[in-house]
Amino acid sequence: MRGLIVASFILVLYCLSIKAQRPDCRRIRENCRSCTNRLVDPINNLDFINRDCREKIGDRWFWRDVRRCDMQIVACENHNIKMDCENVARITGMRRRRRID
C-alpha cells in the first residue's frame, strides 16, 4: 500500500514537471508586443527573412513583413511544425495568390 502511494506521488510529480517545461506562449506574446511597441528598433525587423521568403513564395502568397516578435510567437505556438516560409505565411494569415492556368 505504501509503495502504491509513493508511486502515485512520483507519477504526479512527473506529470507536473512535464507540463512546467512547456513554453508559455501567452506570456511571450504579452512581453514581446509591449516591448516592440515601445522600441522602434531596426533589429526587430527581419529583413533577410522577409526578402528571402518574398522571393521564394511570392508567386503563391502575398508576403507581408514579419517582425522578430511575430516569429517568436509563431514558433512558440507551433513548435511541432517546420518553420519554413510556406508555413509562416499560412499560420500568420497571409493571403494566397490565385493560380492562373
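For every chain, the first residue of its written sequence is number 1, and the numbers climb from 1 along that sequence. Owing to the predicted nature of the model, reporting of local features is limited to residues with pLDDT of at least 70; listing and counting of side-chain atom pairs is limited to 80 or more, with chain, interface and lining totals taken over all residues. Each side-chain value is worked out from all heavy atoms of the structure, with water and hydrogens disregarded.

## Looking at the confidence of the model for the protein chain
Mean pLDDT for the protein chain: 80, with 73% of residues reaching 70 or above. Taking the mean pLDDT of every element in the protein chain, the minimum, 67, falls on helix H1 (residues 2-20) and the maximum, 94, on helix H5 (residues 85-91). As a per-residue quantity, pLDDT reports the predictor's confidence and falls between 0 and 100. Counting from the N terminus, the helices are the DSSP runs of H or I reaching at least four residues and the strands are the DSSP runs of E reaching at least two.

## Things to note about the packing of aromatic side chains
Centre distance within 6.5 Å is the pairing criterion for rings of Phe, Tyr and Trp, where only the six-membered ring of Trp is used; planes under 30 degrees apart are then read as stacked, over 60 as edge-to-face, and the remainder as tilted. The final tally for this structure, using the stated rule, is 0 aromatic pairs. Distance and angle both matter: a charge sits over a ring if NZ of Lys or CZ of Arg is within 6 Å of the ring centre and within 35 degrees of the ring normal. Just above the ring of phenylalanine 62 sits the side chain of arginine 95; from NZ or CZ to the centre is 4.5 Å.

## What about the nonpolar core?
Among buried residues, the Ala, Val, Leu, Ile, Met, Phe, Trp, Tyr and Cys ones that are joined through side-chain atoms within 4.5 Å form a nonpolar core. Throughout, exposure labels follow a simple rule: accessible area from a 1.4 Å probe, protein chains only, divided by the maximum for the residue type, with under 20% read as buried, over 50% as exposed, and the rest as partly exposed. Listed in full, the 11 residues of the largest apolar core are Leu46, Cys53, Ile57, Trp61, Trp63, Val66, Met71, Cys85, Val88, Ala89 and Met94. Of all the secondary-structure elements, those providing two or more residues to this core are helix H3 (47-57) and H5. In terms of residues, this core owes the most to one element, H5, which gives 3 residues. The contact criterion used throughout is that any non-hydrogen atoms of two residues lie within 4.5 Å. Ignoring any residue separated from it by four or fewer positions in sequence, one finds leucine 46 in contact with Val66, Arg67, Arg68 and Met71.

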